[in-house]
Amino acid sequence: MIRQMKGKTPRRPPPKKNSNNQKDPVGVYCRVRPLGAEDEECCIEVISNTTIQLHAPDGLKANRNGEYKETQYSFKKVFGIKTTQMELFEDVAKPLVEDLIHCKNGLLFTYGVTGSGKTFTMTGYPGQGGLLPRSLDMIFNSIGPYQAKRYVFKPDDKNGMEVQNQVDALLDRQKRDSQTTVPKTPTTRRIDPEFADMISPEEACKADGVDEDSSYSVFVSYIEIYNNYIYDLLEETPFDPIKPKPPQSKLLREDQNHNMYVAGCTEVEVKSTEEAFEVFWRGQKKRRIANTQLNRESSRSHSVFIIKLAQAPLDADGDNVLQDKNQVNVSQLCLVDLAGSERTSRTRAEGNRLREAGNINQSLMTLRTCIEVLRENQMCGTNKMVPYRDSKVTHLFKNYFDGEGKVRMVVCVNPKADDYEETLLVMRFAEMTQEVEVARPVDRPICGFAAGRRQRNQAFKEELTRRLDERGGPIDGESPSVFSQLLLSFPALPPCEISGPNDDVTLPRLIEALEKRHKIRQMMVEEYNKTANMLKSVLQEQDGNILSKENVISEQRGKLGEKDKMIQNQKNEIDRLEKKSKMLEYKIDILQKTTNIYEEDKRSLQQELESREHRLQRELSDKRRMETRMQGMVSDAKLKWEKECERRVNAKQLEMQNKLWVKDEKLKQLKAIVTEGKPENRQPQRPSREKDKVPPKRSASPSPVPTVPPVRPLHRRSHSAGGERWVDHKPTTNVELDTVMQPNLPNAIKVSAPSEKALSKCDKYVLTHQEVASDGEIQTKLIKGEVFKTRGGGQAVQFTDIETLKQEIPVPTSRKRRSSGSGSTPEGEPMDGNWTDVETRCSVAVEMRAGSNLGPGYQHHGYQKRRKP
């Protein structure tokens, strides 16, 4: 066979939803186990048969400042500590077993913290059997007389069931009997004492309404979910004590009806309660061995015991099972013992235990999440995806929550105070689970054969046996009493003794009697055959009439069912159309409201557009007026600046002329001084020591000489003498100096920090800055600038000049008189007069040329003034 390349898996059609609109809530029951010791603190109190109350223990109240209050939780029924296993089974599991016999699925699981009694509730012990052995006992008590022979039903490994013919079933039974490893029937073997007497005969019960015209077979399977892996506990694997192999995990698959099942899981056919429970106990022992090898507890995994009931109708004769796979109904009951939820912070689990606890809590959290999403979808009308695939437990049982059977949960709680917080979480989850509704399963269709086929077949066999006893001989294993009665109805035999060799009467007479008896026997056989044929024809005619009538009835029932379906479909269609009409009306109202809103928005937008167009027109006209005005202002400003430039040029020319005039005057004065102070043919004399002495502190401004006018400095010191208004910025960190020459700014605003208010009132700005010079003295810098307005309406300062006030130590000059012909200053600059002249020195001291070291004074750096932008 050529294997094709694996392509993309085609999408399967979605499962058909249950057409039944009736729903039932998930049945949640609560069972309270007794305390381990009488002196233990209890945190649970049973208020009624449906309500319990939780109150926080004293230690937790002290730790939590008493924020936990007493809370009450309601359930379908609450079972106290005195509840027996039989009472629990009657209320919880018995309805599920009855539904199983009537072709309906069921799911029952126990939930709670570790040590709350889940395993005892599900399994029990000898004398106190739990829900599982009682369910098995009720099933076999109900279907015991109607069970099919072994191997008549056979699993097809795809979650389905096939019906074998009598020959194949017989061959399989002979093969099973020939295998020595397979144990014989439960009646011929010794019962294991571990599960013996689980249920007393007085507590046996059976279901009502069992279909007698069907044959039944029970199949069980037992799986374990550990660390989100599925293991088959009934799988026969060879045990190797030297190198044991780990068990192989199983996968989940979906059958043709979109039901989930465990692929490759072992399904064992059982014929009695003891045999079924023995299979369960074999899986339990395998589970214990695995727990011992892996060093883990049994509460670290979920166990699932699945009971499948296959039933099929008998044929028209009522002898054999109908050979039609479509007529086979398979229902199953899943009994789940969930792992205990616990807090790792309290149990202090580490390593593998911590990982196991994490996987358990993750699977239980996934179950809670699925329940929450189902509850939200049903209560809020949403269509969120339920995350069944996040855990193997929820993925395996997702069909039950989708409406494939009833779901019931037994919440087991331990009333001790140590489990209070975990019990509180369990109660909240149980309360939320009760609000989830599951669709009610529909009844399976039955075949069209007449009812009572098994009874009629049995009555026919009994009647046939009775007539054979009345008219037949001791043939075919008939009893001697019937034979003796038939002999009495025959003629009596004559004496058979022969008197002698010449006796010719006895033998002919005996032969004649025997011939009469033979004729009578032949007549009876012919009459019997005639009567049997007649009875058989009558019965066949009656069966035909009954079958035709039943066919008519079934046909009418089918038509009635079709009519009911049509009526139901029409009702559903009417409901759908009404809902659609209401929805369309609602949408029309919404659209009408939306249209009105849009029209109002349209009108408002049109009004806003018109107002904006008017505003734009006004702005355009304002802009044109502003352009005209700005052009006039530009022309006026241009004319003004042209006049200002002309005025400044004239002023600059006048200033330069004044400077030239001053220089000419200086030269004339120097020339006059030189010519007057120099006698003819006289050598220059050295000035006296008193004249040569340099005063310790030179005055900032020398005394004016009456005869000689004061020398005008070569450059300006400051613009502060003008009529502008200054902002005098002096930081608070400056040091007061006792120098003679101090900057003086009349009509100035003195501030320690500049502000926009002060700058708006002035058009000049000066900053007094102090720093330490290289010679260790403090020098003061006056940083000046002009204030102008910015385009944003603020004030800005543009720095234009820096003046430095420096203090120096006087240096004594040489006593040697310089010759008049040297004609240069100490810095090497040429001079017209004599350096020793007092007036010349005073003028130089006042002027303070750049680079001079004659004492304190102003030094002007002469930075070029920048124009305003």
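Residues numbered from 1 in each chain as written. Predicted model: local features only at pLDDT ≥ 70, side-chain atom pairs only at ≥ 80, totals over all residues. Heavy atoms only, no water.

J.: So, the overall build of the chain: which residues are in play, and what are the values?
T.: Within the chain one finds 18 helices and 27 strands. Here the chain holds 869 residues, and the buried ones make up 34% of them. Partitioning the contacts of the chain with sequence separation of at least 6, the portion at a separation of at least 24 is 71%. Counting every atom, the chain has about 56500 Å² of accessible surface; 52% of that belongs to carbon and sulfur. (Helix = DSSP H or I, 4+ residues; strand = E, 2+ residues; numbered from the N terminus. Buried < 20%, exposed > 50% of the residue type's maximum accessible area, 1.4 Å probe, protein only. Contact = heavy atoms within 4.5 Å. Areas by Shrake-Rupley, 256 points an atom, 1.4 Å probe, with all protein chains shown as cover.)

J.: Could you give an account of the sheet that holds strand β4 (residues 51–54), naming the residues involved and the relevant values?
T.: On the basis of which strands lie adjacent, the open sheet formed by three strands has the order β3-β4-β5 and antiparallel pairing. Strands with a single pairing partner mark the edges of an open sheet, and in this sheet they are β3 (44–46) and β5 (71–74). Taking each pair of neighbouring strands and ignoring which way they run, the sheet shows an average axis angle of 25°. (Pairing = 2+ DSSP bridges. Axes fitted to C-alpha atoms, helices over the stretch in contact; angles between N-to-C directions.)

J.: Provide a residue-level description of the packing of helix α2 (residues 85–92) against helix α5 (residues 131–143), including the pertinent values.
T.: Between two packed helices, the angle of one axis relative to the other and the distance separating the axes together describe the packing. Running from N to C, α2 and α5 cross one another at 65°; their axes reach a closest spacing of 10 Å. Crossing of α2 against α5: the hand is right-handed. On the side of α2, the interface is formed by Gln85, Met86, Leu88 and Phe89, while α5 contributes Leu131, Arg134, Ser135 and Met138. (Left-handed = near helix turned anticlockwise from the far one by under 90°.)

J.: Would you mind going over the pairing of strand β22 (residues 726–729) in detail, with residue names and values included?
T.: Because side chains alternate across β22, one face comprises the buried residues Trp726 and Asp728, and the other comprises Val727 and His729, equally buried. Alignment of β22 against strand β23 (residues 748–751), held across four bridges, turns out to be parallel. When the bridges of β23 are listed, Asp728 appears paired with Lys750. The pairing of β22 with strand β24 (residues 764–772) spans four bridges and is parallel. Looking at the pairing, Asp728 lines up with Val766 of β24.

J.: Just give me the short version of the pattern of salt bridges, but keep the residues and values in it.
T.: Between side chains of opposite charge, a pair can form as their charged atoms come close. Taken as a whole and assessed by the stated rule, the structure comprises 28 salt bridges. The partner of Glu90 in a salt bridge is Lys94, and the shortest N-O contact between them spans 3.5 Å. Overall, Glu90 belongs to the partly exposed group, its relative accessible area being 32%. The salt bridge partner of Glu224 is Arg287, with a shortest N-O separation of 3.4 Å. Linking Glu224 in strand β12 (residues 214–226) with Arg287 in helix α7 (residues 273–294), this pair joins segments that are 63 residues apart in sequence. Classification of Glu224 by relative accessible area gives buried; the value is 2%. Sharing partners across several salt bridges, the network here consists of Glu644, Arg647 and Arg648. (Salt bridge = Lys/Arg side-chain N within 4 Å of Asp/Glu carboxyl O.)

J.: Please set out the pairing of β4 residue by residue, giving values where relevant.
T.: Residues Thr51 and Gln53 line one face of β4 and the alternating positions Ile52 and Leu54 line the opposite face, and both faces are buried. Both β3 and β4 contribute to a ladder of three bridges, which runs antiparallel. Paired with Glu45 across the strands is Gln53, a residue of β4. As paired elements, β4 and β5 share four bridges and run antiparallel to each other.

J.: An account of helix α3 (residues 94–101) is requested, with residue identities and associated values reported.
T.: For α3, a buried count of six out of eight residues is recorded, marking the element as mostly surrounded by other parts of the structure. Of all the positions in α3, only Lys94, Leu96, Val97, Asp99, Leu100 and Ile101 are classed as buried. One or two residues past the end of α3 sits Cys103, with phi positive at roughly 65°.

J.: Provide a residue-level description of α2, including the pertinent values.
T.: Every buried residue of α2 is accounted for by Gln85, Met86, Leu88, Phe89 and Val92. Here the buried residues of α2 occupy an arc of 160° about the axis, which is enough to place them on one side. (Arc of directions from axis to C-beta.)

J.: Outline the packing of aromatic side chains, listing residues and values.
T.: Taken as a whole, this structure holds 11 aromatic pairs when the rule is applied. Note on Tyr222 and Phe305: the rings are 5.7 Å apart at their centroids and 75° apart in plane angle, and the pair reads as edge-to-face. Of this pair, Tyr222 sits in strand β12 while Phe305 sits in strand β18 (residues 302–313), and the two are 83 residues apart along the sequence. Residue classification places Phe305 among the buried positions, given a relative accessible area of 1%. Aromatic rings pair up to connect Tyr222, Phe277, Phe280, Trp281 and Phe305 into one cluster. Over the ring of Phe429 we find Arg368, and its NZ or CZ is 5.9 Å from the ring centre. (Phe/Tyr/Trp six-rings, centres within 6.5 Å; stacked < 30°, edge-to-face > 60°. Lys NZ or Arg CZ within 6 Å of the ring centre and 35° of its normal.)

J.: An account of unusual backbone geometry is needed here, citing residue identities and associated values.
T.: A positive phi is found at Asp157, a non-glycine position, where the angle reads about 65°. Structurally, Asp157 can be placed in the loop between β10 (153–155) and β11 (161–163). Since its relative accessible area comes to 68%, Asp157 is described here as exposed. Positive phi, normally seen in glycine, also occurs at His258, with a value near 65°. With respect to the element layout, His258 can be found in the loop between β15 (252–254) and β16 (260–262).

J.: Which residues make up a nonpolar patch on the surface, and what are the values?
T.: There is a patch of nonpolar side chains on the surface, built from Ile498, Leu507 and Ile511 and spanning about 270 Å² of accessible area. As for its placement among the helices and strands, Ile511 is situated in helix α15 (residues 506–677). In this structure Ile511 comes out as partly exposed when scored by relative accessible area, which is 46%. (Patch = residues over 30% accessible without salt bridge, like charges linked within 9 Å, V, L, I, M, F, W, Y side chains within 5 Å.)

J.: Account for the nonpolar core, naming residues and giving values.
T.: Counting residues in each nonpolar core, the largest one holds 54 residues, and the members touching the most others are Ile52, Phe75, Phe397 and Met427. Looking at this core, the element that brings in the most residues is helix α12 (residues 420–433), giving seven residues. Here Phe75 is in contact with Val28, Cys30, Thr50, Ile52, Met427, Ala430 and Gln434, once residues within four sequence places are set aside. Membership of the second largest hydrophobic core comes to 45 residues, among which are Leu88, Ala276, Phe280 and Cys412. (Core = buried A, V, L, I, M, F, W, Y, C linked by side-chain atoms within 4.5 Å.)

J.: Mind laying out the environment of Lys77, listing which residues take part and the relevant values?
T.: Summarising the element assignment, Lys77 is placed in strand β6 (residues 77–79). Counting along the chain gives 46 residues from Lys77 to Arg31, while the straight-line C-alpha distance between them is 8.7 Å. Lys77 has contacts with Val28, Tyr29, Cys30, Asn49 and Asp91, leaving out every residue within four places of it along the chain. Within the structure, Lys77 has its side chain in polar contact with the side chain of Asp91 (distance 2.7 Å). (Polar contact = N/O pair within 3.5 Å; in protein donor to acceptor, adjacent residues only side chain to side chain.)

J.: Residues and numbers for the side chain of Ser391, please.
T.: Residue placement: Ser391 occurs in the loop between α9 (352–380) and α10 (392–396). In this structure, Ser391 is in contact with Asn228, Ser363 and Thr366, ignoring residues within four places of it in sequence.

J.: Tell me about a negative patch on the surface, and please be specific about residues and values.
T.: A cluster of acidic residues, Glu38, Asp39, Glu40, Glu41, Asp58 and Asp418, forms a negative patch on the protein surface. Mapped onto the elements, Glu40 comes out in the loop between β2 (27–32) and β3. A relative accessible area of 31% means that Glu40 is categorised as partly exposed. (Lys, Arg positive; Asp, Glu negative; His and termini not counted. Charge placed at Lys NZ, Arg CZ, Asp CG, Glu CD.)

J.: Give me the confidence of the model for the chain: which residues, what numbers.
T.: The predicted model of the chain has a mean per-residue pLDDT of 77, with 73% of residues at 70 or higher. A low-confidence stretch, residues 1–12 (pLDDT under 50), is modelled with three contacts involving residues beyond four sequence positions or located in other chains. Long-range and interchain partners of residues 473–484, a stretch whose pLDDT sits below 50, account for 11 contacts in this model, where long-range means more than four residues apart. (pLDDT = per-residue confidence, 0-100.)

J.: Break down the packing of α3 against α5 for me, with residues and values.
T.: Remark: α3 packs on α5, axes separated minimally by 10 Å, with the N-to-C direction vectors making an angle of 40°. Here α3 is positioned oblique relative to α5, judged by the angle of their axes. In terms of crossing hand, the pair formed by α3 and α5 is right-handed. Side by side, α3 and α5 meet where Lys94, Val97, Glu98, Leu100 and Ile101 of the first sit next to Ser135, Met138, Ile139 and Ser142 of the second. Tallied by class, residues from the contact of α3 with α5 come to five nonpolar, two polar and two charged. (Parallel < 35°, antiparallel > 145°, perpendicular 65-115°, else oblique. Nonpolar A, V, L, I, M, F, W, Y, C, P; charged D, E, K, R; others polar.)

J.: Describe in detail the environment of Val268, supporting the description with residues and values.
T.: With respect to the helices, strands and loops of the structure, Val268 is situated in strand β17 (residues 268–270). C-alpha of Val268 to C-alpha of Val279: the two residues are 11 residues apart in sequence and 8.0 Å apart in space. Setting aside anything within four residues of it in sequence, one finds Val268 in contact with Val218, Phe219, Val220, Leu234, Val279 and Arg282.

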